[in-house]
2 protein chains.
Amino acid sequence: MRATVLHTSRDIRLDEVDAPQLQLDTDAVVRVVASCICGSDLWPYRGINPVDEPVRIGHEFVGIVEQVGSSVSTLTPGDFVIAPFTFSDNTCLLCERGVHTSCVNGGIWGRDDKQGHAVDGGQGELVRVPWADGTLVATPSQPSQEMVAQLLTLSDVFPTGHHAAVSAGVTPGSTVAVVGDGAVGLSAVLAAKRLGAARIVAMSRHEDRQRLARQFGADEIVAERGTEGAAAVREILDGIGADFVLECVGTGDSMKQAMFSARPGGRIGYVGVPHDVQINVPAMFGRNIGLAGGVAPVRHYIEQLLPDVLAGTITPGSVFDLTLPLDRVADGYRAMDERTAIKTMLTL
Amino acid sequence: MRATVLHTSRDIRLDEVDAPQLQLDTDAVVRVVASCICGSDLWPYRGINPVDEPVRIGHEFVGIVEQVGSSVSTLTPGDFVIAPFTFSDNTCLLCERGVHTSCVNGGIWGRDDKQGHAVDGGQGELVRVPWADGTLVATPSQPSQEMVAQLLTLSDVFPTGHHAAVSAGVTPGSTVAVVGDGAVGLSAVLAAKRLGAARIVAMSRHEDRQRLARQFGADEIVAERGTEGAAAVREILDGIGADFVLECVGTGDSMKQAMFSARPGGRIGYVGVPHDVQINVPAMFGRNIGLAGGVAPVRHYIEQLLPDVLAGTITPGSVFDLTLPLDRVADGYRAMDERTAIKTMLTL
């Protein structure tokens, strides 16, 4: 089968590799229908995370179940399924508490599972899925072509934005500022709107992203960054700042921008994968700023979000502004790297 | 009148000072019935916070209203009142949001108010109270002698423990670990119990404090500290750690202990005044650890906690294990400094 392999920084190819087989009776094999490229895929692509040997890549996909192991009970070949960006058994103490990303049996696509068997990346034709009952969420029926893009967002980007909003604790009638206008930041705008925020300020300097932010529910746009941007947010929001700030970038600068965009007693939900971010706790103490979030336990959220997606109440798939066939995966990475695309979908 | 003055490190005296007068029509003058010494009073006392000139001290008191300004409408001379450890107007945008410690007109005892008038410290005979309607909470009737100690805890220590529990988000049936066995940590145990925590682990090495922790609702005691203490907490709590950790110390070590006592997805409520505490966000991200708290907006909580105190359902006053007359205030500081007392009450 064909699967995406990152050979070294900026050398990404669709290679011929061995098709996966069921290894354990809890496995499934899924034929990928659509996959996509994540901002976090760009780190190894750009060489910020070093790539020592060719690696399989991609962790967001939807597809059709092709085979199931003998103990898989909730899935049948032919089911359309959404795969969260980590696999998990959905039964351990930590999955029970909604932290599927810390599942004792969990792991990530493109690496070995805890039994030592290789797991495929998501940007390929077939994927062996460990803990298939726990990991995959089947849709009630086969989706339309257009719905596929919406469902694909449930594998990572939309629940990650949702995790920022839920971690911050967004409540109906509240004020929200969103730091970051990537696909996750835009998804966070949509998530905050869905949770009933009354006023949403999106921070963005790019016209296409500003437009999508408004479409997703942003009431105001702040183009400034840093302390200037935070001051603009505070001015817009009653002179005090936002009840909730959703930090969707992950740098020290963006975290500071979030801190100073929050009102005293405000909460920051952070999902931007942090790179060398230190927080000065004394600076938070006097203003009662809270901080929660982390790697999104997507599996925990899919079933909550799926009905609104299927009903068309929300259209998170609008983050995809470039769709390419899988064999043009290298072009997809280039577009994301050069920021000519917000998010690239790969179809098979 | 007599009031406590810290002249320089470890030189604390009850001095004769001018009695306060009403300065603004929103003021009241309160005759102090009981005051107490806070762990945070020990920093200037010990010289950790430098003392450049003699300062009035004390920020926890209850008393009887003696005079009210012409625009004070909710208080009458003779009312028994609880003073939170900061004063606030209780009407500004931030008070409305429950963050009275960030009140636009607020301030702290023993310093000037925003109009430039001196405000008395709490460890004295009389106190001028700015924004009396906003600041003071009157009890429905005159309390008994024994109830005075219970009510005095509402000025700081018990609502501060409560703030740790509320900021973490303690829910009925949850597991809680408390870092710190000072009066605030012990109050946090009581607050967690009151909020319905199912299992509470108190971290303490001192027998008298362990006993009080158990009396307040702790189910288990962990005497170890640091990574060893955190490992013990995790072992007791299902091998994964606490749903909520209440950090009531404020050092880098105690914060680390809190971090590693929390389960993935756990939340830390922090009220230990932080001294040079840095948080490494990447270490929180993968485990989805949240952190919230800060300086407790006590005024926001007094009315919520008062009924349980008046009903005797909870007895937070048990943190006072030493009661001295005000003229022995220096002995009270010495006992707190040498940790022979958990918390000292001063009576007038």
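Quick notes on the rules
- Residues numbered from 1 in each chain as written.
- Chains lettered and ligands numbered in written order.
- Predicted model: local features only at pLDDT ≥ 70, side-chain atom pairs only at ≥ 80, totals over all residues.
- Heavy atoms only, no water.
- Axes fitted to C-alpha atoms, helices over the stretch in contact; angles between N-to-C directions.
- Helix = DSSP H or I, 4+ residues; strand = E, 2+ residues; numbered from the N terminus.
- Parallel < 35°, antiparallel > 145°, perpendicular 65-115°, else oblique.
- Left-handed = near helix turned anticlockwise from the far one by under 90°.
- Contact = heavy atoms within 4.5 Å.
- Nonpolar A, V, L, I, M, F, W, Y, C, P; charged D, E, K, R; others polar.
- Buried area = accessible area lost by both parts, 1.4 Å probe.
- Salt bridge = Lys/Arg side-chain N within 4 Å of Asp/Glu carboxyl O.
- Polar contact = N/O pair within 3.5 Å; in protein donor to acceptor, adjacent residues only side chain to side chain.
- Pairing = 2+ DSSP bridges.
- UniProt positions renumbered as here; feature names shortened; annotations may be inferred.
- Least-squares fit on C-alpha atoms with pLDDT ≥ 70 in both.

J.: When you look at the packing of helix α5 (residues 157-168) of chain B against helix α6 (residues 183-194) of chain B in this model, what are you seeing that I'm missing?
T.: All names here are of chain B. Relative to each other, α5 and α6 sit at 60°, their axes nearing to 7 Å. Viewed along their axes, α5 and α6 adopt a mutual orientation that is oblique. Considering how the two elements wind past one another, α5 and α6 form a crossing that is right-handed. Of the residues in α6, those in contact with V157, F158, T160, G161, H162 and A165 of α5 are A183, V184, S187, A188, L190, A191, A192 and R194. Along the lines of polarity and charge, the residues of the contact of α5 with α6 split into nine nonpolar, four polar and one charged.

J.: Just checking my understanding: could you explain the interface of chain A and chain B for this structure?
T.: With 41 residues of chain A at the contact, the number on the chain B side is 41 residues. Between chain A and chain B, roughly 3200 Å² of surface is buried when both sides are summed, and carbon and sulfur atoms account for 60% of that area. Among the residues chain A hides against chain B, the three largest losses belong to V281, F285 and N288 of chain A. Together they make up 21% of the total. At the boundary of chain A with chain B, the tally comes to four salt bridges. Between R97 of chain B and D238 of chain A there is a salt bridge whose closest N-O contact spans 3.8 Å. Connecting chain A to chain B are 14 residue pairs in polar contact (both at pLDDT 80 or more). A per-element tally of the side of chain A that touches chain B places strand β15 (residues 262-270) of chain A first, with five residues.

J.: Is there a simple way to think about the sheet that holds strand β4 (residues 55-56) of chain A in this case?
T.: One key point about sheets: their strands pair by backbone hydrogen bonds, in either a parallel or an antiparallel sense. All names here are of chain A. Pairing within the open sheet is antiparallel, and its three strands lie in the order β2-β1-β4. Looking at which strands have only one partner, the edges of the open sheet turn out to be β2 (11-16) and β4. The pairing of strand β1 (residues 2-8) with β2 spans six bridges and is antiparallel. Residue pairing across strands places T8 opposite D11, the latter belonging to β2.

J.: Would you explain the UniProt feature "domain: Enoyl reductase (ER)" (unreviewed entry) in chain A in this entry?
T.: On the UniProt side, "domain: Enoyl reductase (ER)" (unreviewed entry) is annotated at positions that read residues 7-346 of chain A here. This span, residues 7-346 of chain A, is 31% helix and 24% strand, and a straight line between its end C-alpha atoms measures 19 Å.

J.: Sorry, what's going on with the relation of the copies chain A and chain B here?
T.: In this structure, two copies of a chain are linked by a rotation about an axis accompanied by a shift along it. Its rotation angle being 180°, the transformation that places chain A on chain B also includes 0.0 Å of axial translation and leaves an RMSD of 0.0 Å. These values place the two chain copies in the arrangement generated by a two-fold rotation axis. Both copies contact each other with a shared surface, as 100% of the interface residues of chain A are interface residues in chain B too.

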